[in-house]
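Okay, here's what each chain looks like letter by letter:
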Amino acid sequence: MRVVLGEDLALLRHGLIRMLESSGFEVIAWADNGPGLKAALIEHRPDVAVVDVRMPPDHTDDGLRAAIEARAVVPRLPVLVLSQFVEPLYAKELLSDGQGAVGYLLKDRVMDVEQFIEAVQRVASGGTAMDPEVIAQLLTGRSRERSLEPLSPREREVLALMAEGRSNVAVARRLFITEKAIAKHINNIFMKLGLHLAEGDNRRVLAVLAYLGG
C-alpha cells in the first residue's frame, strides 16, 4: 500500500516512515511543507496520505489545505490527518466534501502503533478514523443535536463508535451487548437517517459523515 507523508519535524517524520514501512506500507514520497505535499499527492496519487495539519510555510493549516486541494484534483484521495490539538474547524473542512476516506487523529495516538496502523488501513479502504476527542468537539452544536433527534441514546453511542472506525464486533464488545443487537441498531440508524440501500453507497460511511456533519 503506497503512502505519501506530510510532516515537517524530521524526527517524527523518520519515526513515522519506519513505523509504516515495518507494517508493510511503502512510503513513496514525503514533504515537509504544504506546496510540496500538494504536488506529491497529485503526482503520486497514493493509496493513502498521512498529513500533519500545521506545516511550513505558514505553520497554520498548510498541511490540511494541501490535502483538501489535492482531493479536489484526485477525488476520494484517502487522507489521515494528524494534529497536536483538537481543531474542529479543520476536521469539519476535511469532512465537508462528504466522500469519506478521511481520518483525524491526535498525535498522541501515534504512540499506539497498532491503533495508528489500523487507522491508516481503515482510511485507505475508504472508511473513517476519527479521534474520540475530535468527535466530541464536532458534536457540540445545536443544529447537530437537532439532526440526531431521531436516534435513541443507544443508537448515538453505536454511531459514535462507528465514527471511530470500530467494527460491529468491536462495538458489541465495547457496549457489552450482542453483535446481533448492534446490527439491529445500525439498521435502525440507516433508516432514521434516510440512508436507503443504493448501489455504490457505503451506508456506514454516509451515516458517520451525517453524524459528524460532513
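Overview of the structure. One numbering rule holds for all chains: residues counted from 1, following each sequence as written. Residue-level local features of this predicted model are given only where pLDDT is at least 70; pairs of side-chain atoms are given and counted only at 80 or more, and the full residue set underlies all totals for whole chains, interfaces and linings. The side-chain quantities take in all heavy atoms of the structure and omit both hydrogens and water.

1. Observations concerning the pattern of salt bridges
Basically, it comes down to this: Think of a salt bridge as a Lys or Arg side-chain nitrogen and an Asp or Glu carboxyl oxygen that are within 4 Å of each other. Helix and strand assignments follow DSSP, with helices taken as H or I runs no shorter than four residues and strands as E runs no shorter than two, numbered in order from the N terminus. Buried residues are those whose accessible area, probed at 1.4 Å on protein chains only, stays under 20% of the maximum for their type, while exposed residues exceed 50% and partly exposed ones sit between those limits.
Applying the stated criterion across every chain, the model contains 7 salt bridges. The partner of glutamate 7 in a salt bridge is lysine 107, and the shortest N-O contact between them spans 3.3 Å. Here the residue glutamate 7 occupies a position in the loop between strand 1 (2-6) and helix 1 (10-22), and lysine 107 occupies one in the loop between strand 5 (102-106) and helix 5 (113-124), the gap between them amounting to 100 residues. Residue glutamate 7 is classed as buried on the basis of its relative accessible area of 1%. Note that glutamate 164 and arginine 166 form a salt bridge whose closest N and O atoms lie 3.0 Å from each other. The class of glutamate 164 is buried, set by a relative accessible area of 16%. Residue class for arginine 166 comes out partly exposed when judged on its relative accessible area of 30%.

2. What to know about unusual backbone geometry
Omega for the peptide link from proline 56 to proline 57 comes to 10°, which places this bond in the cis form. You can see proline 57 is positioned in the loop between strand 3 (48-52) and helix 3 (62-73). Unusually for a residue other than glycine, histidine 59 sits at a positive phi of about 60°. Looking at the secondary structure, you find histidine 59 in the loop between strand 3 and helix 3. You will see that phenylalanine 176, though not glycine, has its phi angle at about 60°, which is positive. For phenylalanine 176, the position within the fold is in the loop between helix 9 (168-175) and helix 10 (179-192). Owing to a relative accessible area of 78%, phenylalanine 176 belongs among the exposed residues under this scheme.

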